[in-house]
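Overview (structure and organization)
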Amino acid sequence: MSPKKIVLRFTKTLSEKPIIYYLVKDYDLVVNIVKANINPHKEGMLILELSGEKYEQGLDYLRSQGVTVQPLTQEIIRNEERCSSCGACTAICPSGALYMERPNMEVKFDGDKCIVCQLCLKTCPLRAMEVRF
Amino acid sequence: MSIERTYAEINSKIKSGKVVVVTAEELVTMVKDKGITAAAKEVDVVTTGTFGPMCSSGVFLNFGHSAPRMKIQKAWLNKVPAYGGIAAADVFLGATEMPEDDPLNSSYPGEFRYGGGHVIEDLVARKPIKYKAIAYGTDCYPRKEIETEITLDDINEAILMNPRNAYQNYNCAVNLSSRTIYTYMGLLKPNLGNAHYSTAGQLSPLLKDPDFRTIGVGTRIFLGGGIGYVVWNGTQHFPDRLYDKNGKYLGPSGGTLSVLGDLKQMNPQWLRGTSFLGYGATLTVGIGVPIPVLNEEIIRYAAVPDEELYAPIMDYSDAYPNRKPCDLGFVSYAELKSGKITVNGKEIPTASMSSYKKAREVAGILKQWIQKGDFLLSQPAQLLPNADDGIKAKVLKG
Ligand code: SF4
Ligand code: SF4
């Protein structure tokens, strides 16, 4: 089976449990951590590439622990026409996917770095960031 | 010999196609290379620009009379209420107004996805707008309700009238508390997680004419992609000069403009509905002001670079909301634009709420208009009060 990308979101209490360890030990899954982020409220977001025979059981285990599991089918895009390059998103974006290019002061978006946290969707005052499913 | 120019001389140069116009940004470089005196001899007009959220914005709309006639008491455009307490067929729609069924901040932090500023953007983009109004009915205006669809072209007048725009200078906002806060300066992360500012610095109109020597009632400007006018000082016009602890001059602050123009000739590219998470909706406005180089002193002020213009650093978790003094010092626009500053010994990332890139475009468009002879400078009927007039902000007791 080819590896699949999934997004895991967990609450503050869950982010302290050794979930990945059990995925490997009990379900024999091959885990590749693509992106990981814990926000200031200590809630976690993890993007994994997972493969193995017991893939579905592994996901069931995650859900049973209270982890929200979503396939990574979402993609963040920027509406270039709406974006004013103000920069309001740049100090918020946790992965550096949105950044200010200096000295020309143009905001650039590097989709490869984006961890789909969707923070920019809410904080962009001009609503130039969009999610595509 | 020092240079002296009149508005009439500059305008005749514009008409003959011989005018020399530079943007405030180009002037900064020019003065670094050639010095003030040479620049003053060469340049007739300096253009400035800014593109940022300006809450005190709105539009007066006059609808054609319906049959039967109706005296609008309450009106809604795309569900956003407009103020009907003026003449029968007129309303005022404010940029920060929200639909009555919006959850506002009760689903904290509220998203404020569509408000008055968005209606203004949709109007100027010629999108159809759902219009609803109610009235109590009179002998001369018997109709009591109407529900229809309008576009900007279906109504008589649409006057963009912004009582307070183009703040001369603004705070650099930080958050000293341990929780995330949502403000009109954006999302501020806890414990000095980020710093947000909101002017175009060396391109910003009122930073370049700090003492209002050229800007006044009747100054013709770039407004929302069209031509507009300064009609008065803005509300909360408290011009002041900033000094550090050692008495060093750090630039002006406190001035504001009241501006007006015909919405029908504007462009949605320069009037954008804007949403601030946890704060509200507003309008982002593009404004460009030409500064006539009447003498050397005017160009000296217009040439001040980002390194010599400062913003006060303000804590938005406690000091700002509670009107307490804040002693975090000042930071130059050059530092702010570098992407990081140091506050209380901590290095923090900076970001702007207003767009420097778009400010540059505004100043560039205004420059082209003047060069092509499409835009003459107007001599103000009256200059605006400056820092020497000592206007002070009042505090509301209660
Ligand atoms: S906040 Fe929005 S408009 Fe501003 S630079 Fe980021 S994406 Fe562009
Ligand atoms: S979703 Fe937005 S804020 Fe989050 S990483 Fe991607 S670009 Fe940055």
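Here, the structure is the one placed above.
Residues numbered from 1 in each chain as written. Chains lettered and ligands numbered in written order. Predicted model: local features only at pLDDT ≥ 70, side-chain atom pairs only at ≥ 80, totals over all residues. Heavy atoms only, no water.

**Describing the overall build of chain A**
Rules: What counts as a helix is a DSSP run of H or I of at least four residues, what counts as a strand is a run of E of at least two, and both are numbered from the N terminus. Burial classes: relative accessible area under 20% of the type maximum marks a residue as buried, over 50% as exposed, and values in between as partly exposed (1.4 Å probe, protein chains only). Two residues qualify as a contact provided that any one of their heavy atoms is within 4.5 Å of a heavy atom in the partner residue. The positive count covers Lys and Arg only, the negative count covers Asp and Glu only, and His and the chain ends enter neither. Where a charge lies is defined by one atom per residue type, namely NZ (Lys), CZ (Arg), CG (Asp) and CD (Glu).
Within chain A, the regular secondary structure consists of three helices and eight strands. Of the regular secondary structure in chain A, the N- to C-terminal order runs β-α-β-β-α-β-β-β-β-α-β. Counting all 133 residues of chain A, 43% fall into the buried class. When contacts within chain A are restricted to residue pairs at least 6 apart in sequence, those whose partners lie at least 24 apart make up 64%. Across chain A, the mean location of the 18 positive side-chain charges is 5 Å away from that of the 16 negative side-chain charges.

**Some words on the overall build of chain B**
Cut-off, in case you're wondering: We take the radius of gyration over the C-alpha atoms and set the globule estimate at 2.2 Å times the residue count to the 0.38 power. To measure how exposed things are, a 1.4 Å probe is used in the Shrake-Rupley method; for residues, cover is taken only from the protein chains shown.
Scanning chain B from N- to C-terminus turns up eight helices and 28 strands. Taken over C-alpha atoms, the radius of gyration comes to 22 Å for chain B, in line with the 21 Å a tight globule of 398 residues would show. For chain B, the spread of C-alpha atoms along the three principal axes comes to 70 × 60 × 35 Å. The long-range fraction of contacts in chain B, counting pairs at least 24 apart against all pairs at least 6 apart in sequence, stands at 72%. Accessible area of chain B: about 16,700 Å², with a carbon and sulfur share of 51%.

**Comments concerning the site of ligand 1**
Our working definition: Summary of the distance rule: residues count as near a molecule or strand when at least one heavy atom falls within 4 Å of that molecule or strand. As a working rule, the residues Ala, Val, Leu, Ile, Met, Phe, Trp, Tyr, Cys and Pro are called nonpolar, Asp, Glu, Lys and Arg charged, and the rest polar, with Gly in that last group.
Ligand 1 sits among Cys83(A), Ser84(A), Ser85(A), Cys86(A), Gly87(A), Ala88(A), Cys89(A), Val107(A), Cys124(A), Pro125(A) and Met129(A). The class makeup of the residues in the shell around ligand 1 is eight nonpolar, three polar and no charged.

**What to know about the interface of chain B and chain A**
We count it as follows: What counts as buried area is the accessible surface, traced by a 1.4 Å probe, that two parts surrender upon association, with contributions from both included. Each reported salt bridge corresponds to a side-chain nitrogen of Lys or Arg within 4 Å of a carboxyl oxygen of Asp or Glu. We call two N or O atoms a polar contact when they sit within 3.5 Å, provided that within protein one can donate a hydrogen and the other can accept it, with sequence-adjacent residues counted only if both atoms are side-chain atoms.
The interface of chain B with chain A comprises 32 residues on the first partner and 24 residues on the second. Interface of chain B and chain A: buried area, both sides summed, is about 2,200 Å²; carbon and sulfur atoms make up 54% of it. The tally of links from chain B across to chain A stands at three salt bridges. Among the ionic pairs, Arg82(A) bridges to Glu121(B), the shortest N-O distance being 2.8 Å. For the pair chain B and chain A, the interface holds eleven residue pairs in polar contact (both at pLDDT 80 or more). Every element with two or more residues in the side of chain B that touches chain A is listed here: β14 (195-197), β21 (271-276), α7 (333-338), β27 (346-352) and α8 (356-371) of chain B. Among the elements that make up the side of chain B that touches chain A, the one with the highest residue count is β21(B) (five residues). Among the residues forming the side of chain B that touches chain A, the class breakdown is ten nonpolar, 13 polar and nine charged.

**Quick notes on the site of ligand 2**
Taken together, 13 residues form the shell around ligand 2, and within it Cys93(A), Cys114(A), Cys117(A), Gln118(A) and Cys120(A) come nearest. Classifying every residue of the shell around ligand 2 by side-chain character gives eleven nonpolar, two polar and no charged.

**Quick notes on the sheet that holds strand β2 (residues 30-38) of chain A**
All names here are of chain A. The following threshold applies: Criterion used throughout: strands pair if DSSP finds at least two bridges between them. For helices, the fitted line uses only the C-alpha atoms of the stretch in contact; every axis is such a line through C-alpha atoms, and the angle between N-to-C directions lies from 0 to 180 degrees.
With antiparallel pairing, four strands are arranged side by side in an open sheet as β2-β3-β1-β4. In this open sheet, the two strands that pair with only one neighbour each are β2 and β4 (68-71). Sheet twist, expressed as the average angle between the axes of neighbouring strands with direction ignored, equals 25°. Note: strand β1 (residues 4-10) against β4, four bridges, orientation antiparallel. Counted as the bridge partner of Leu 8 is Val 69 from β4.

**Focus on the nonpolar core**
Side chains of nonpolar character tend, in soluble globular proteins, to be buried together. All names here are of chain B. Filter applied, for reference: Take the buried Ala, Val, Leu, Ile, Met, Phe, Trp, Tyr and Cys residues and link them wherever side-chain atoms come within 4.5 Å; each set so joined is a nonpolar core.
With 71 residues, the main nonpolar core has Leu 27, Val 46 and Ile 370 as its most contacted residues. Per element, the largest residue contribution to this core is seven residues, and it comes from α8. Ignoring sequence-local partners within four residues, the contact set of Leu 27 consists of Val 22, Ala 39, Val 46, Ile 299, Ala 302 and Ala 303.

**A short note on the state of the cysteines**
Applicable threshold: Disulfides are defined in this document as cysteine sulfur pairs within 2.5 Å.
Across all of its chains, the model carries zero disulfides over all chains by this definition. With no disulfide of its own, Cys326(B) lies closest to Cys172(B) among cysteine sulfurs, the gap being 10 Å.

**Some remarks on the pattern of salt bridges**
Residue and element names in this part refer to chain A. The final tally for this structure, using the stated rule, is 28 salt bridges over all chains. Between Lys 108 and Glu 101 there is a salt bridge whose closest N-O contact spans 3.1 Å. Its relative accessible area of 25% is what places Lys 108 among the partly exposed residues. For Glu 101, a relative accessible area of 28% translates into the label partly exposed.

**Digging into a nonpolar patch on the surface**
Residues and elements named next belong to chain B. Definition in use: Two joining distances apply to patches: 9 Å for like charges and 5 Å for nonpolar side chains (Val, Leu, Ile, Met, Phe, Trp, Tyr), and every residue must have over 30% relative accessible area and no salt bridge.
Taken together, the side chains of Phe 60, Tyr 83, Ile 86 and Ile 159 make up a nonpolar region of the molecular surface, amounting to roughly 340 Å² of accessible area. Checked against the element boundaries, Ile 86 lands in the loop between β6 (80-83) and β7 (90-94). Here Ile 86 falls in the partly exposed class, since its relative accessible area comes to 34%.

**Considerations on the sheet that holds strand β23 (residues 290-292) of chain B**
All names here are of chain B. Taken together, the three strands give an open sheet; going across it, the order is β1-β2-β23, and neighbouring strands pair in mixed fashion. Edge positions in the sheet fall to β1 (21-23) and β23, since each of these pairs with one other strand and no more. Taking the axes of each pair of neighbouring strands and ignoring which way they run, one obtains an average angle of 25° across the sheet. Of the pairings in the sheet, the one linking strand β2 (residues 45-47) to β23 comprises three bridges and is antiparallel in character. Bridge assignment links Thr 47 to a residue of β23, and that residue is Pro 290. Taken strand by strand, helix α2 (residues 24-34) contacts β1 and β2, and its axis lies near 95° from that of β1.

**Here's the deal with helix α2 (residues 55-64) of chain A**
All names here are of chain A. Put simply, the test is: The directions from the helix axis to the C-beta atoms form the arc being described.
Buried residues of α2: Tyr 55, Gly 58, Leu 59, Tyr 61 and Leu 62, and no others. The arc enclosing the buried residues of α2, seen along the axis, measures out at 155°, which places them on a common side. Elements that come into contact with the buried residues of α2 comprise β1, α1 (19-27), β3 (44-51) and β4. One or two residues past the end of α2 sits Gly 66, with phi positive at roughly 95°.

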